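# Results of the structural survey
Here's the letter readout for the chains.
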Amino acid sequence: MPKAQQTQPRSENEPLAEPKPGATSGVSLPEDMHAAGVEAVLLAVDKPLSASKIAQAIGLADASAVKALIAELNETYETTDRSFRIEQVAGGYRVLTLP
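Residues numbered from 1 in each chain as written. Predicted model: local features only at pLDDT ≥ 70, side-chain atom pairs only at ≥ 80, totals over all residues. Heavy atoms only, no water.

## Describing the nonpolar core
Rules: Take the buried residues of types Ala, Val, Leu, Ile, Met, Phe, Trp, Tyr and Cys, join any two whose side-chain atoms come within 4.5 Å, and each joined set is a nonpolar core. Burial classes: relative accessible area under 20% of the type maximum marks a residue as buried, over 50% as exposed, and values in between as partly exposed (1.4 Å probe, protein chains only). Runs of H or I in DSSP of at least four residues are treated as helices and runs of E of at least two as strands, each being numbered from the N terminus. Any two residues whose heavy atoms approach within 4.5 Å are treated as being in contact.
Judged by nonpolar contacts, the single largest core of 17 residues is most densely connected at V38, L42, I54, V66, I86 and Y93. When contributions to this core are tallied by element, the ones reaching two or more residues are helix 1 (34–44), helix 2 (51–58) and helix 3 (63–79). Not counting residues within four places of it along the chain, the set of residues in contact with I86 comprises V38, L42, I70, L73, N74, Y77, Y93, R94 and V95.

## Examining the environment of K53
Turning to its location among the elements, K53 is positioned in helix 2. For K53, a relative accessible area of 11% gives the class buried. As a C-alpha pair, K53 and G92 span 39 residues in sequence and 9.1 Å in three-dimensional space.

## Description of the pairing of strand 2 (residues 92–97)
Basically, it comes down to this: At least two DSSP bridges between two strands are required for those strands to pair.
With 6 bridges joining them, strand 1 (residues 84–89) and strand 2 adopt antiparallel strand pairing. The residue bridging Q88 from the neighbouring strand is Y93, located in strand 2. Between strand 1 and strand 2, which pair antiparallel one after the other, the connecting turn spans 2 residues, and A90 there sits at a positive phi close to 50°.

## A word on helix 1
Definition in use: Each direction from the helix axis to a C-beta atom contributes to the arc, which is the arc of those directions.
What helix 1 keeps buried is the set H34, G37, V38, V41 and L42. The buried side chains of helix 1 occupy one side of the element, clustering within an arc of 125° when seen end-on. Relative to its buried face, helix 1 has exposed residues pointing more than 90 degrees away, namely L43 and A44. Next to the buried residues of helix 1 lie helix 2, helix 3, strand 1 and strand 2.

In structure tokens, the structure reads:
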């Protein structure tokens, strides 16, 4: 069985994916999947990501849409008694558990 390759962590300035020519990012999610995309990106990284990096990762044009999605997600988490929230820390966003 082949060994899995180990990869180096990405820096904040490194693109998450190579964009296709003429596209805003390498990924384009349907509109009803944007919130799930925000969650997936934040759960997959080990450091805070800026709203613009999250937007780039899921194919949104700007960071304001990501901030609105984060507000919607946090409202859903609160109304469904989830034990975590998306919080802004160190210039980016992370999924954090409640105390």
